[in-house]
Amino acid sequence: MKKEIKIVICVFLSIWFFFMGFELGSYREKKKIATTSPVVVQPATQTNASSTTAPSTSETTLPTELPSMGDTTVYPENNGSTPSQNAASTTKKASDDPSTFSKAQILSAVKKAVDGVKAEQNMTAVQTENIAINVDDCSVPSALNMVNNIVQKFTGEKSATYTFSNGQGSGVRPDGKAVEDEGVVAPTQVIPPKNKNFELTEAGIAEASAKKDGDNTVYTIKIVEESTTLASPVPANNAAAIGYLDLTKISDKISGAQITEANMHYPGSTVTATVNKAGKLVKLELYLPMDGYGAAKLLVASGNASFSGSQTETWTFTY
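Residues numbered from 1 in each chain as written. Predicted model: local features only at pLDDT ≥ 70, side-chain atom pairs only at ≥ 80, totals over all residues. Heavy atoms only, no water.

Asks: I'm lost on the pattern of salt bridges in this one. Help?
Replies: Working definition: two side chains of opposite charge can pair if their charged atoms are close together. For the structure shown, the criterion picks out three salt bridges. The residue K111 makes a salt bridge to D115 at a minimum N-O spacing of 2.7 Å. Of the two residues, K111 and D115 both sit in helix 4 (residues 103-118), four residues apart, roughly one turn of that helix. Here E180 and R173 are joined by a salt bridge, their closest N and O atoms 3.0 Å apart. (Salt bridge = Lys/Arg side-chain N within 4 Å of Asp/Glu carboxyl O. Helix = DSSP H or I, 4+ residues; strand = E, 2+ residues; numbered from the N terminus.)

Here's what the structure looks like:
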């Protein structure tokens, strides 16, 4: 029996810890956690000495390559103007060249664009999410393939289209169905970081770059590496730029389970914002690589699991 309970714990840790660490489902998942009844996890039953039945898991709604960096500064040709005119023109071009922007300038531009789209009243926003996850190890090594097969059912791509009018709108899936457990929302409730403005500081930036793409400007920010524990669960910089859901707050929603360890590692998330010549955000790309380790107790047994993977979330906006 203890072996089957440990398998259940592996699945529980792999799905809940990893997905919540990514804040998958974000607004709707927070709403669901706050309003639904506790989830009871039933252990698997043993059928014979050499095989077990996979634990039952309820259906949970879960919530690109980054553009290459680099740019070339093009200086104007001498077309008959005086040297002083050429010098002034060259200085102006260099100052307008985004590849010369400082971290502070790039951060300011991204904040202005993201905060601006959150305040938009009328627009269409298309969201695409893609999740990849692998359970690298668990407390029942012989069940690792089975655990991964279960977890893979919760991965893959989802998309939704939001049409906002007078600051309100709702999401619709490609099949025409409304986004689950969400209802009518404002842009700031669904666009990361949700329910607040873009609050990343320069200290939270590992790298930053900017380049021209036709009439658009593409800004890329890589967030510094962060690690969290059960006692200190907030990745401050990821929370300020992308979003975060406190893992510790879900433990009381899983009847009979007690989280004993929750160690998450964010090696370097990336925010890429494409801004048009009018200064409006037209594309927002979020890339979150993550790995972690969790342990929990359930009934008379305990278990653990370690996992790695990534989430990509892309938003495109039309006005």
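Asks: I would appreciate a short explanation of helix 5 (residues 144-152) in the present structure.
Replies: Every α-helix carries 3.6 residues per turn, so stepping three or four residues along brings you back to the same face. Among all positions in helix 5, only L144, V147, N148, I150 and V151 are buried. Down the axis of helix 5, the sector holding all buried residues measures 160°, keeping them to one side. Residues of helix 5 that are exposed and angled more than 90 degrees away from the buried face: N145 and N149. (Buried < 20%, exposed > 50% of the residue type's maximum accessible area, 1.4 Å probe, protein only. Arc of directions from axis to C-beta.)

Asks: I keep staring at the nonpolar core and nothing clicks. Help me out?
Replies: The nonpolar side chains of a soluble globular protein tend to be buried, and buried together. The biggest cluster of nonpolar side chains holds 34 residues, and the ones touching the most others in it are Y162, L281, L284 and F317. Broken down by secondary-structure element, the contributors of at least two residues to this core are helix 4, strand 2 (123-138), strand 3 (156-165), strand 5 (205-213), strand 6 (216-223), strand 10 (270-275), strand 11 (281-298) and strand 12 (301-318). Residue contributions to this core peak at seven residues, all from helix 4. Contact partners of F317, with chain neighbours within four places excluded, come to V117, M123, T124, A125, I191, L281, V282, K283 and L284. In this structure, I133, V147, M290 and F307 belong to the second largest nonpolar core, which totals eleven residues. (Core = buried A, V, L, I, M, F, W, Y, C linked by side-chain atoms within 4.5 Å. Contact = heavy atoms within 4.5 Å.)

Taken by themselves, the reported measurements are silent on function.
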